[in-house]
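Below are the chains, spelled out letter by letter.
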Amino acid sequence: PLELLRQWMQYSFWYDLKKQTQKFVKDAQLVACMGHPGGGRTTISPRTLHCFHVLNMTFPAEAQIKRIFGSLINSHLTSFDEEIKPVGDLLTSATYEIYTRLVAELLPTPDKPHYTFNLRDISRVFQGVLQAQRAFYDTRDSLIRLWVHECCRVFCDRLTTQTDSELFMGVLNEKLTSAFSVPLKSLFKEGQVTQFGDFLRTVADDKVPPYEELADFGKLKSFCEEKLDDYNMEPGMQRMELVLFTDAVAHVCRIKRIICLPRGNALLVGVGGSGRQSLTRLASYISEYKVFTIEVVRGYKSELFREDLKKLYEMTGVNGQDTVFLFNDTQVIDNSFLEDINGMLTSGEVPGLYAPDEMSNLRESVRADVKAAGLPELADTMWSFFIEKVRSHMHIVLCMSPIGENFRNYVRMFPALVSCTTIDWFSDWPADALKEVAAKFLEEVRIGDDQVDNVSSVFAQAQTSVLVESKSMLARLGRPNYVTPTNYLELVKGYCKLLGEKRKSVGEQASKLKNGLQKLSDTAAQVGEMSVELEQKKKVVAKAQTECEEMLVVIVQEKRVVDEQQKQVNIESEKISKDEIECKAIADEAQADLDKALPALEAAQKALELLNKKDMAEVKAYAKPPPAVQMVLEGVMILRKSDPTWAEAKKQLGDPNFLLQLVTFDKDGLTDNVLNKVSKYTKMAAFDPEEVGQVSRAAKSLCMWVRAMEVYGRIAKDVAPKRAKLNNAMKTLKVKQDQLATAQAKVKEISDRVLALRERYTDSVNSKEA
């Protein structure tokens, strides 16, 4: 790339490799920036360098630095007590002297590439000190303790070895003694720097929470554990099983401090399993920030990464959501990811992230805010406002591992990863933390309280001894052996799993042994009980044997009686069956004779049903009826046992129920005298329904009824003896059937008794055999 730039600066064109033509780039100038060579940064070729007008930006003089930061701190302390105001200049001088000592003595090396310090580090110290509020810092020592804490957070948290940390603490103690006449041990208990934070005290929404010393570690740990429980209860959150030992709580406070500062970004360096991401999520939850991460899937490339960055910019720049962008070095699929993050750290922009139309939409999203701020509504102004809004709401937290060469290469290629972030180095877990973590897991497997401490001490000793031997091997052979917290957690979890399996296996065997012994004991007791029961059963069996023999004799006798009565019943049943056949034959013969008269009777009944009061009124209306009508009505009167005259007939025709009486006429009650009188009419040739019908329709129906009654009456007289014979036979049959039913009931009674005796006999036999 540098040679391509040199070619353009010297000749103003590039060659198109496809068309073999020159491409001129006119009306453009190049401004480039670079750091001083050294510390992993190489020089550029003289051929390229001679094309630039070089300006060397030298480091500011000591007086300038002290004036800049001294003005800031003294201006902030003007409202504090008189005892505290003179401390401002002393803090400025002490900070600068510590900075120069560290720059001179802690130089970057291949295994410590992040040991680079600049003015941003000094500004971060004062950025923390400027959070002090007069109401909470009313003594000189309280402000000095805050300054010590900020120096530790900015300078000491990045140191990788115990030797470097001791060097820094020595320099810090030296400056405390020389500048403030206060040694470190007199400021803090046992010389251990306490944590500072702004999250333990609850204040009104319109007030800024105080950045104060958190001296009560028990209260601080309880607060973090409560927040962890609240986080795990949040819907949609992946549960985190964390053990908040002393170092873990300290890292939470450090991360919380960084992301709550304006444009605060963090670089967390530690091996896998050290809790970088989990503690970041907890700190973000305490700060009420949203955590944004990318999800690396198959085929995830730079295009998809930039689409995720667009979502992040929309959350922070458009929605104004305070967001922590959590990025892990295992997600670096392409170095272009870190190149984009490097740009976000330095300027807040990612070159070429948005198309022109997308940039226009983003400008419109902040137009109202730009107008409210009193700024001109120009395209560049609105875009700059959008980027500043993004930087104020976005906090980048990078999680890197020092294992291998990747971390060194990333720091060398992308210097903003160090210069624009606050570094927090995750050191090896101390022995107390290892014991506390092991004890947390051992509580779940429910071993004795007296054993938890011993077992957890063994785990901690195993881990620390391996760490010591690994350092020894590295010093002697130059071969590193990485022992991570993940290995320790696998060791503890493996022990808990094996303990559970062994407990289950031994428990099952003990349960089987216990069950076997119990069964043997139960069997012995049951054998004794059965011996007693056997003697009692023998007596019962002997008694049952006698009862069975007696019962068998009774059953045989009863069975003999049942068989004899059953024979008699069968004989009677055969006789009754024959009588039933004879009765049925008589009934069928009588019914056949009656069936001969039924058609004429049914026809007469239908004819009567067709008549109505109007038809009767028509007949009644005759002053002197026609001979045929008068003849028919005389026949009707004879059947009704009335005077066979027209006057009587006319009288009865006036009865509303006349037709109903004909329909319901008692045809079985006709006597021989009535039938003989009617037969004189029915034998007449004129007494024909068809001829009568020519005179009167109603008379025709009455004529048919008279003839039908006469036919039915004569047939009924012939059938009457047969009916009498049938009735007598049915009465006799009924008597025999009743006698048969009585006999069958008696047989059933005796049979049931025999069956009951058999069941008792069977039960007695079964009881005896049992």
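Because the structure is predicted, anything quoted here is derived from the model rather than measured.

Caption draft 1: The pairing of strand β9 (residues 422-425), seen in detail. Burial along β9 is two-sided: Thr422 and Asp424 and Ile423 and Trp425, pointing in opposite directions, are all buried. Bridge count for strand β5 (residues 266-269) against β9 is four bridges, and the pairing is parallel. Paired with valine 269 across the two strands is tryptophan 425, which belongs to β9.

Caption draft 2: Region of the structure containing a negative patch on the surface. Among the surface-exposed residues, Glu225, Glu226, Asp229, Asp230 and Glu234 lie close enough to one another that they form a single negatively charged patch. Following the sequence through the fold, glutamate 234 ends up in the loop between α9 (217-233) and α10 (246-259).

Caption draft 3: The arrangement of the environment of valine 540 in detail. Position of valine 540 among the secondary structure elements: in helix α21 (residues 485-610). Judged by its relative accessible area of 43%, valine 540 is partly exposed.

Caption draft 4: Region of the structure containing the sheet that holds strand β8 (residues 394-400). Strand order in the open sheet formed by five strands is β6-β7-β8-β5-β9, and the pairing between neighbours is parallel. The two strands at the open ends of the sheet, each matched to only one other strand, are β6 (290-292) and β9. Strand after strand, the sheet turns through a mean of 20° between neighbouring axes, direction not considered. As paired strands, strand β7 (residues 323-328) and β8 are joined by six bridges and run parallel to one another.

Caption draft 5: Expanded view of the packing of helix α5 (residues 119-129) against helix α6 (residues 140-154). Their axes nearest at 9 Å, the elements α5 and α6 cross at an angle of 145°. Pair α5 / α6 crosses with right-handed handedness. Seen from α5, the contacting residues are Asp121, Arg124, Val125, Gly128 and Val129; seen from α6, they are Leu143, Leu146, Trp147, Glu150, Cys151 and Val154. Residue composition of the contact of α5 with α6, by class: seven nonpolar, one polar and three charged.

Caption draft 6: Looking closely at the environment of methionine 240. For methionine 240, the position within the fold is in the loop between α9 and α10. Look at methionine 240 and you get buried, because its relative accessible area is 7%. Sequence separation of methionine 240 and serine 278 is 38 residues, and the distance between their C-alpha atoms is 7.1 Å. Contact partners of methionine 240, with chain neighbours within four places excluded, come to Leu228, Tyr231, Asn232, Ser278, Arg281 and Leu282.

Caption draft 7: Representation of the pattern of salt bridges. Scanning the entire structure with this criterion turns up 30 salt bridges. The salt bridge partner of lysine 310 is glutamate 358, with a shortest N-O separation of 3.3 Å. Of this pair, lysine 310 sits in helix α12 (residues 302-318) while glutamate 358 sits in helix α14 (residues 356-365), and the two are 48 residues apart along the sequence. Put simply, Arg153, Asp157, Arg254 and Asp424 are held in one network by salt bridges that share partners.

Caption draft 8: Summary view of the packing of aromatic side chains. Across all of its chains, the model carries 24 aromatic pairs by this definition. Measuring from centroid to centroid gives 5.2 Å for phenylalanine 13 and phenylalanine 24, while their planes differ by 55°, and the two rings are tilted. Highlighted residues: phenylalanine 13 in strand β1 (residues 13-16) and phenylalanine 24 in strand β2 (residues 21-24), separated in sequence by 11 residues. We classify phenylalanine 24 as partly exposed; its relative accessible area is 48%. Arranged with centres 5.9 Å apart and planes meeting at 10°, the rings of phenylalanine 59 and tyrosine 99 form a pair that is stacked.

Caption draft 9: Representation of a nonpolar patch on the surface. There is a patch of nonpolar side chains on the surface, built from Leu513, Leu517 and Leu520 and spanning about 330 Å² of accessible area. Structurally, the position occupied by leucine 513 is in helix α21.

Caption draft 10: Structural detail: the nonpolar core. Core analysis: the largest hydrophobic core is formed by 50 residues, its most contacted members being Leu244, Trp429, Val437, Leu442 and Tyr488. Not counting residues up to four positions away in its chain, the partners in contact with tryptophan 429 are Phe245, Gly273, Ser274, Leu434, Val437, Pro485, Tyr488 and Leu489. Counting 44 residues, the second-largest nonpolar core is a separate cluster that includes Ala94, Val129, Cys151 and Val171.

Caption draft 11: Structural context of α10. Here α10 is 14 residues long and its end C-alpha atoms lie 20 Å apart, about the 20 Å a rise of 1.5 Å per residue gives. Most of α10 sits inside the fold, with 12 of its 14 residues counted as buried. Listing the buried residues of α10 in full gives Ala248, Val249, Ala250, His251, Val252, Cys253, Arg254, Ile255, Lys256, Arg257, Ile258 and Ile259.

Caption draft 12: Here's a closer look at the packing of α9 against helix α11 (residues 276-287). Contact geometry of α9 with α11 gives a least axis separation of 10 Å together with a crossing angle of 90°. By the angle between their axes, α9 is roughly perpendicular relative to α11. Contacts between α9 and α11 involve Phe223, Cys224, Lys227, Leu228, Asp230 and Tyr231 from the first element and Arg281, Leu282, Tyr285 and Ile286 from the second. Across the contact of α9 with α11, the residue classes break down as seven nonpolar, no polar and three charged.

Caption draft 13: Region of the structure containing the state of the cysteines. Inspection of the entire model under this criterion finds zero disulfides. A disulfide-free cysteine, cysteine 156 has its sulfur positioned 5.4 Å from the sulfur of cysteine 152, the nearest such atom. Here cysteine 420 is not disulfide-linked; the sulfur of cysteine 33 is the nearest cysteine sulfur, at 13 Å. Classification of cysteine 420 as buried rests on a relative accessible area of 10%.

Reading the values: the criteria
- Residues numbered from 1 in each chain as written.
- Predicted model: local features only at pLDDT ≥ 70, side-chain atom pairs only at ≥ 80, totals over all residues.
- Heavy atoms only, no water.
- Buried < 20%, exposed > 50% of the residue type's maximum accessible area, 1.4 Å probe, protein only.
- Helix = DSSP H or I, 4+ residues; strand = E, 2+ residues; numbered from the N terminus.
- Pairing = 2+ DSSP bridges.
- Patch = residues over 30% accessible without salt bridge, like charges linked within 9 Å, V, L, I, M, F, W, Y side chains within 5 Å.
- Areas by Shrake-Rupley, 256 points an atom, 1.4 Å probe, with all protein chains shown as cover.
- Salt bridge = Lys/Arg side-chain N within 4 Å of Asp/Glu carboxyl O.
- Lys, Arg positive; Asp, Glu negative; His and termini not counted.
- Charge placed at Lys NZ, Arg CZ, Asp CG, Glu CD.
- Axes fitted to C-alpha atoms, helices over the stretch in contact; angles between N-to-C directions.
- Left-handed = near helix turned anticlockwise from the far one by under 90°.
- Contact = heavy atoms within 4.5 Å.
- Nonpolar A, V, L, I, M, F, W, Y, C, P; charged D, E, K, R; others polar.
- Phe/Tyr/Trp six-rings, centres within 6.5 Å; stacked < 30°, edge-to-face > 60°.
- Core = buried A, V, L, I, M, F, W, Y, C linked by side-chain atoms within 4.5 Å.
- Expected span 1.5 Å × (residues − 1).
- Parallel < 35°, antiparallel > 145°, perpendicular 65-115°, else oblique.
- Disulfide = S-S within 2.5 Å.

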